[in-house]
Amino acid sequence: MTTMLEVTGLDASYGPVQVLRGVDLHVDEAEVVVLLGANGAGKTTTIRAICQMVDTKGSVTLGGAELVGTRPEKMAGLGIAHVPQGRGTFPELTVDENLQVGAFVRKDRAHVRGDIERSYMLFPRLGERRTQLAGSLSGGEQQMLAVARALMSRPRLLLLDEPSLGLAPLIIQGLFARFNELNREEGVTMLIVEQNANLALDIADRAYVLEAGRIVLSGSAAELRSNDAVRRAYLGF
Amino acid sequence: MSAVLAVPGIEHNFFTLTLLLQNLTNALANGSVYALMALTVVMIYKTTGHLNFAQGEMAMFSTFVVYVLAIEHGWNIWLAIVLVVIGSMIVGAGIERVLIQPLESRSVLAPVILTLGLFFILNGGAATVWGTQPKTPIPAPFPGHLDDKVDIITDRLPHFFITYKAIGVWITVTVLVILLNVLLKRTKLGLAYRAVAANAESSLIVGIPVKRMLMLGWALAAGIGAIAGAIIAQYRNVLDFNFMAAVLLFGFAAACVGGFDSIKGAVVGGLLVGVVETFTPALFTFVGSELSLVMVLIVILVVLYFRPQGLFGSKRVERV
């Protein structure tokens, strides 16, 4: 299996506050990898560091090409789609415009319309609300929109930051079923940060555990599921 | 007939039909120019969240350059305006890139204070280069002779007519608003601009060059301001180093009433401010024209009391 994303010795800081200390992780092609960790462990910062949205040191490569030092607005063009924590939709644009913006970096304008219609088939609620402003959608609908928007760039790598945050259990299950489909049927590679460890490990191939800015544990989803410390800390049994 | 309406403090001639119509055309022409200045305010505010206090002086400077090209060098006035608009857009984008962007990350107020500094630099600079005396003749984008007018009611006194200048102002504003709407609503560039206005961080994520969109806002504002300057200089018949300061105040007022992030609001707010400014001194004998700005401020207070975001402005929604 070829490595898609390779993170080595990654440090990240907000001003004087260092959050990540030498993080090493990798995501192989068509893999789903989950990043677990307590609040404040640096999960979101890891995602933001990969996208160069915080000051970083170390190395992040995508398909062998170095990302550290690249401007954040270049990531979409390189094939990275990012669903930030707290949804990150465009509240004053319509649902349809949100999806159009998602395809901003694409040159094949002819296929964009077809992909938007496909998003509506994947998330029928969005199709019903296509002319509404995104700001008027419910939390679950906005999360679907954020994911659909991210897929509009036809990414090689999808970074999902707490996709289940604030959503009802039924909606979360539906959303993760979609992630699973996307991975199995279209081979989209994913790195998921998730509080809901049970659900995330269900669809993941491998997982990492982050503590105070360092990777303290890694292994296959099954291995981590049976690890006592992980069970106590994140799975709740 | 008119003596019947002798109410103290009310100008009874105000209700004479032709005078009323004449005031209305004045109000709408003035208001259209305020709408343009409000648009410049909105174009910058939407993406950056800043007010540009130098907007009026940038327009004043552009108008002086139109004067130099059209009057001193005898160029065709519209050619001069088009070139100055393009030049102003480049300079506007440059100011954003070179002066504003470096301050952006340091403090919220620094860029605003910088535009205040720019106000004084441009104001003083224009006075130094072109002197403090009003310039004549004033560049005339539209036919401006006394008889360049459409007579509409001539069978009673006073006559009611509309000057070509006023019609020119209306057409210019209408065309600009339509072009701006097409740009923002029908093009990919416009969609990117609105995306940055809605959510700058997510714009970066989808690959929009956000900083260039901020420059675009400044460029559009500078270009619209240059047109506003050229047409208001002719309409008000004055071109000196101070002529845009009051106009920008009314433009701010218009944007405030309409909502700082709304194009529709800028237009409606501009017209409303124009009507209040013209009608209150015409209706009430105790309101001199110097007090018209106060009347405008009262309207702002009333609107903001009931709608703090302005008539068409969007409430800033903060999600956690």
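Because the structure is a prediction, the values reported are computed rather than measured.

Colleague: I'm lost on the confidence of the model for chain A in this one. Help?
Modeller: Keep in mind that low pLDDT regions are not for reading the predicted coordinates in detail. Residues at a pLDDT of 70 or more form 99% of chain A, whose mean pLDDT is 92. Of all the helices and strands in chain A, helix H10 (residues 228–235) of chain A carries the lowest mean pLDDT, 80, while helix H3 (residues 95–102) of chain A carries the highest, 97.

Colleague: Even after reading the chapter, I still don't get the sheet that holds strand S6 (residues 80–83) of chain A, so can you show me in this structure?
Modeller: Sheets are built from strands paired through backbone hydrogen bonds, the pairs being either parallel or antiparallel. Residues and elements named next belong to chain A. Reading across the sheet, the six strands line up as S6-S7-S8-S3-S9-S10 and stay open at both edges, with mixed pairing between neighbours. Two strands in the sheet have a free side with no partner beyond their single neighbour: S6 and strand S10 (214–220). Averaged over neighbouring strand pairs, the angle between their axes works out to 15 degrees when direction is ignored. Two elements, S6 and strand S7 (residues 157–161), share four bridges in a ladder whose sense is parallel.

Colleague: Looking at this structure, how should I read the interface of chain A and chain B?
Modeller: When the parts come together, some accessible area is lost, and that loss is often what is quoted as the size of the interface. Chain A puts 21 residues into the contact, and the matching count from chain B is 19 residues. Contributions of two or more residues to the side of chain A that touches chain B are made by helix H2 (75–78) and H3 of chain A. Ranked by residues supplied to the side of chain A that touches chain B, first place goes to H3(A) with four residues. In terms of residue class, the side of chain A that touches chain B is made up of nine nonpolar, nine polar and three charged.

Colleague: Please clarify how helix H8 (residues 210–236) of chain B should be interpreted in this entry.
Modeller: All names here are of chain B. Taking 1.5 Å of rise per residue, the 27 residues of H8 would be expected to cover 39 Å, and the 38 Å separating its terminal C-alpha atoms lies within 8% of that figure. Counting buried residues along H8, 24 of its 27 residues qualify, which places the element largely inside the surrounding structure. Two residues or fewer after H8 comes Asn237, characterised by a positive phi angle close to 60 degrees.

So, how was this worked out
Residues numbered from 1 in each chain as written. Chains lettered and ligands numbered in written order. Predicted model: local features only at pLDDT ≥ 70, side-chain atom pairs only at ≥ 80, totals over all residues. pLDDT = per-residue confidence, 0-100. Helix = DSSP H or I, 4+ residues; strand = E, 2+ residues; numbered from the N terminus. Pairing = 2+ DSSP bridges. Axes fitted to C-alpha atoms, helices over the stretch in contact; angles between N-to-C directions. Contact = placed C-beta atoms within 7 Å. Nonpolar A, V, L, I, M, F, W, Y, C, P; charged D, E, K, R; others polar. Expected span 1.5 Å × (residues − 1). Buried ≥ 20, exposed ≤ 12 C-beta atoms within 10 Å, placed from the backbone.

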